[in-house]
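# Per-entry structural report
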Amino acid sequence: MTIHKISGRWRLGLGLSIFATLLWGILPIALKAILIALDVYTIIWFRFSIAFGVLGAYLAFRNQLPARRKLQQWHTLILLLAATGFLGIHYLLFLQGIALTSPANAELFDQLGPVLFGLGGLVIFKERYTLTQWAGLSIFTLGFVLFFHEKLQTIVSTREIYLLGNIVLIAGAVTLALYALIQKKLLSQLTSTNIMVFIYGGCAILFAPFATPEKLLTLSPVEWAILIFCSFNTLLAFGSFAEALAHWQASRVSAVVASAPIVTVIFVSVLSSLAPTLVAAEKFTVLAIFGAVLVVAGSAAIALGEK
């Protein structure tokens, strides 16, 4: 199978990457809230079902559903099934990790996925970093260490269930990186929307036997709103991420997406002041704020530091 060639429309790739980052930054907070009312399997099944239904209807209306002949190619089908499996496992492990820890903590560990994906892009897809981008990666890493200094100290000395949650999140980050690399490979054969509609439908089928749809009847209007938001977040965030890969290098996309924890912490701070009983507040030192500035600066250097 040939290696996918990007379109070169880096501004569009950057915009899509930022949009996906914002959605993913908000998502853990919403998921933590809905986990009080629903189990993990039902949430995942519902999110994928909605995403598949909406995207499938849109592609059918535009007569852009995947061609059968392409899905019958064994190497393409194997990669599609592998991507479906890895993304489904990632969803499961990420939700379990949120349930065992916290939104900000889950988003922190989930960033191992974009980092691994970016390194994979350098190795597999022969992408290259300039000197400015390598410097940006160093600044980015230092910023994360400073920003989450107190959080990392808590992780090291915390109770066993928290440590278990972090192990689950690390495993989930690995599956996310594997999914993203396979999806990048598939872009040489299928469009991003064709890939995602197959994966959404496959994951919905995968989790259907474990879901309990009758629990949906017990949700309050607010809980329904949160669940619908999570479902459309799935559709829009992964759709934007997939389309960004069609226009921009995997290493650049991963650099922008890796800033999602900053978005999470900002929204946690805002929501905790508006609804303290719903979202627990996060406290930050001057050092942590300086780390946040370095994360943004490093991410920008990686994303925009082309020759």
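Data block above holds the structure.
Residues numbered from 1 in each chain as written. Predicted model: local features only at pLDDT ≥ 70, side-chain atom pairs only at ≥ 80, totals over all residues. Heavy atoms only, no water.

For the rest of this paragraph, the subject is the overall build of the protein chain. Along the protein chain, the regular secondary structure elements total 14 helices and zero strands. The order of helices and strands in the protein chain, counted from the N terminus, is α-α-α-α-α-α-α-α-α-α-α-α-α-α. Computed over C-alpha atoms, the radius of gyration of the protein chain comes to 19 Å, within 12% of the 19 Å expected from 2.2 N^0.38 for 307 residues, which places it in the range of a compact globule. Its C-alpha atoms give the protein chain principal-axis dimensions of about 55 × 55 × 30 Å. A buried classification covers 51% of the 307 residues belonging to the protein chain. Sequence-distant contacts, at least 24 apart, represent 89% of the contacts inside the protein chain between residues at least 6 apart. Carbon together with sulfur atoms contributes 72% to the accessible area of the protein chain, which is approximately 14100 Å² in total. (Helix = DSSP H or I, 4+ residues; strand = E, 2+ residues; numbered from the N terminus. Rg over C-alpha atoms; globule rule 2.2 N^0.38 Å. Buried < 20%, exposed > 50% of the residue type's maximum accessible area, 1.4 Å probe, protein only. Contact = heavy atoms within 4.5 Å. Areas by Shrake-Rupley, 256 points an atom, 1.4 Å probe, with all protein chains shown as cover.)

This next bit is on the packing of helix H4 (residues 74-100) against helix H5 (residues 103-110). Between H4 and H5, the least distance of the axes is 8 Å, while the angle of their chain directions is 140 degrees. Here H4 is positioned oblique relative to H5, judged by the angle of their axes. Considering the relative orientation of H4 and H5, their crossing is right-handed. Where H4 approaches H5, its residues His-90, Phe-94 and Ile-98 are matched on the opposing element by Ala-106, Glu-107 and Asp-110. For the contact of H4 with H5, the residue count by class is three nonpolar, one polar and two charged. (Axes fitted to C-alpha atoms, helices over the stretch in contact; angles between N-to-C directions. Parallel < 35°, antiparallel > 145°, perpendicular 65-115°, else oblique. Left-handed = near helix turned anticlockwise from the far one by under 90°. Nonpolar A, V, L, I, M, F, W, Y, C, P; charged D, E, K, R; others polar.)

So, about helix H10 (residues 192-207). When the terminal C-alpha atoms of H10 are compared, their 22 Å separation across 16 residues agrees well with the 22 Å that a helix rising 1.5 Å per residue should span. By the burial criterion, the buried members of H10 are Ser-192, Asn-194, Ile-195, Met-196, Val-197, Ile-199, Tyr-200, Gly-201, Cys-203, Ala-204 and Phe-207. (Expected span 1.5 Å × (residues − 1).)

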